[in-house]
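Geometric and topological summary
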Amino acid sequence: MTRIAFIGGGNMARSLIGGLLKTGAAAANLRVAEPQAQARESLGRDFGVATFVDNQLAVADAEVLVLAVKPQIMPAIHAQLRDTLQRNRPLLISIAAGVRIDQLERWFGSLLPIVRCMPNTPALIGAGATGLCANLRVTPQQREQAQHILDAVGITRWIDDEALMDTVTALSGSGPAYFFAIVEALEDAAVAQGMPRETARILATQTCLGAGRMLVESNEAPSVLRQRVTSPNGTTQAALESFSADQLPRIVARAVAAATRRGEELAAALDKS
Ligand SMILES: NC(=O)C1=CN([C@@H]2O[C@H](COP(=O)(O)OP(=O)(O)OC[C@H]3O[C@@H](n4cnc5c(N)ncnc54)[C@H](OP(=O)(O)O)[C@@H]3O)[C@@H](O)[C@H]2O)C=CC1
Ligand SMILES: O=C(O)[C@@H]1CCC=N1
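Residues numbered from 1 in each chain as written. Chains lettered and ligands numbered in written order. Predicted model: local features only at pLDDT ≥ 70, side-chain atom pairs only at ≥ 80, totals over all residues. Heavy atoms only, no water.

**Here's the deal with the overall build of the protein chain**
On a plain count of helices and strands, the protein chain comes out with 12 helices and 8 strands. For the protein chain, the residues scored as buried account for 38% of the 273 residues in total. Intrachain contacts of the protein chain at a sequence separation of at least 6 include 62% that bridge at least 24 residues. When the accessible area of the protein chain is evaluated, it comes to approximately 15,200 Å², of which 57% is carbon and sulfur surface. When the 26 positive and 26 negative side-chain charges of the protein chain are each reduced to one mean point, those points stand 2 Å apart. (Helix = DSSP H or I, 4+ residues; strand = E, 2+ residues; numbered from the N terminus. Buried < 20%, exposed > 50% of the residue type's maximum accessible area, 1.4 Å probe, protein only. Contact = heavy atoms within 4.5 Å. Areas by Shrake-Rupley, 256 points an atom, 1.4 Å probe, with all protein chains shown as cover. Lys, Arg positive; Asp, Glu negative; His and termini not counted. Charge placed at Lys NZ, Arg CZ, Asp CG, Glu CD.)

Structure (structure tokens):
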């Protein structure tokens, strides 16, 4: 059984730990370093994992180290961990948005096997989507280890060109928030027409779930599923023409470009720190 240490015990670490335990990992093999006492208590209570205030204690004998802290925290942790990591050479997995592999190599040691990945919050319910990218030091066995950890919370895809990791972040990393925003907007639109909010929310939510399940279970292209809803001169056509007049694809493309840019900016800011 692989010994895995997490640096940061927040939302994403909790999702990954929950998924790993559900898919057969032993709590005894998982350690978490987390500064917040409340978060440490709940990790211990909910998952039975060992928790630490001291990052070095958590990583002492880890074969895999998952960096699950905000990008801005990376410079603060590398000074503490660099020596231990240089000595033990665990597989380093970073889930931080924007942070590039060359930055991780510079901070934690250029000889380390490193996987940069980008999961998303549906990982919490085992329905996550993760893109992964490895440096040349990652062995086939370590690729499997990384994939196994992320497969525990959803689907995974390897991304060969690291430049596309910011696109993964802008698509599936941030993506759940886009769908929540659309559900909020649908709900508000129905409320504005006089519908009680609770009814509007449940109808919008179930519509999102149903459409998502159809995408996954029918295996048909989104455009085909869309056309099937759209009766000639019917209600859907009226709504889609309105989307078109408001240039929905352009709105979405601009949003994805903004998220991609922010990922690049996060990394550039760290280059200066
Ligand atoms: N949320 C999302 O949808 C996604 C997030 N990510 C990435 O995952 C990473 C974590 O995000 P998320 O889980 O949402 O963030 P959280 O803030 O929930 O978790 C990060 C945790 O790390 C703790 N922490 C802060 N400093 C240190 C330190 N020096 N050593 C150890 N732990 C520390 C934080 O404590 P404190 O609160 O005290 O700072 C916090 O509990 C980010 O880099 C983000 O880019 C990736 C995919 C999706
Ligand atoms: O908003 C963020 O920066 C993180 C990365 C992807 C989702 N949340």
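**What to know about the packing of aromatic side chains**
Where two aromatic rings form a pair, the distance of their centres and the angle of their planes describe that pair. Across all of its chains, the model carries 0 aromatic pairs by this definition. The ring of Trp158 has Arg143 lying over it, and the distance from NZ or CZ to the ring centre is 4.0 Å. (Phe/Tyr/Trp six-rings, centres within 6.5 Å; stacked < 30°, edge-to-face > 60°. Lys NZ or Arg CZ within 6 Å of the ring centre and 35° of its normal.)

**Section: the sheet that holds strand 4 (residues 64-67)**
Across the sheet, 8 strands lie side by side as 3-2-1-4-5-6-7-8; this open sheet has mixed pairing. If you trace the sheet from one side to the other, it starts and ends with strand 3 (50-52) and strand 8 (154-158), each paired once. For this sheet, the mean inter-axis angle between neighbouring strands, taken without regard to orientation, is 20°. Each of strand 1 (4-7), strand 4 and strand 5 (91-94) touches helix 4 (residues 74-88); the most contacted strand, strand 4, lies at about 170° to it. (Pairing = 2+ DSSP bridges. Axes fitted to C-alpha atoms, helices over the stretch in contact; angles between N-to-C directions.)

**Let's talk about the domain arrangement of the protein chain**
On domain assignment, one finds that the protein chain holds domain 1 (4-164) and domain 2 (175-264). Look at where the C-alpha atoms of domain 1 and domain 2 centre, and you get two points 33 Å apart. (Domains from an automatic or database assignment.)

**Side note on the site of ligand 1**
Close to ligand 1 lie 23 residues, the nearest being Asn11, Met12, Glu34, Gln36 and Val69. Interatomic distance of 2.9 Å between a backbone N/O atom of Met12 and an oxygen atom of ligand 1. Within the side chain of Glu34, a nitrogen or oxygen atom sits 2.7 Å from an oxygen atom of ligand 1. Relative to its free-state accessible area of 880 Å², ligand 1 is covered by the protein chains to the extent of 76%. Grouping the constituent residues of the shell around ligand 1 by class yields 14 nonpolar, 7 polar and 2 charged. (Near = heavy atom within 4 Å. Polar contact = N/O pair within 3.5 Å; in protein donor to acceptor, adjacent residues only side chain to side chain. Nonpolar A, V, L, I, M, F, W, Y, C, P; charged D, E, K, R; others polar.)

**A look at the side chain of Asn55**
You can see Asn55 is positioned in helix 3 (residues 55-59). By relative accessible area, Asn55 is classed as buried at 12%. Sequence-distant contacts of Asn55, that is, excluding residues within four places in its chain, are made with Ile7, Ala33, Ile77, Gln80 and Leu81.

**Some remarks on the pairing of strand 6 (residues 114-118)**
Taking burial as the measure, the 5 residues of strand 6 include 5 buried ones, the bulk of the element. Sheet analysis places strand 6 next to strand 7 (residues 128-134), joined by 4 bridges and oriented antiparallel. When the sheet's bridge partners are listed, Met118 is paired in strand 7 with Gly131.

**Observations concerning a nonpolar patch on the surface**
There is a patch of nonpolar side chains on the surface, built from Phe243, Leu248, Ile251 and Val252 and spanning about 340 Å² of accessible area. Here the element with the most residues in the nonpolar patch is helix 12 (residues 248-272); it accounts for 3 residues. One can find Phe243 in helix 11 (residues 235-245). When its relative accessible area of 44% is taken as the criterion, Phe243 is described as partly exposed. (Patch = residues over 30% accessible without salt bridge, like charges linked within 9 Å, V, L, I, M, F, W, Y side chains within 5 Å. Salt bridge = Lys/Arg side-chain N within 4 Å of Asp/Glu carboxyl O.)

**What to know about unusual backbone geometry**
Located in the positive-phi region is Asn233, a residue other than glycine, with phi close to 60°. Here Asn233 is to be found in the loop between helix 10 (222-229) and helix 11. Positioned with a positive phi, Gln247 is a non-glycine residue whose angle comes to about 60°. Positionally, Gln247 belongs in the loop between helix 11 and helix 12.

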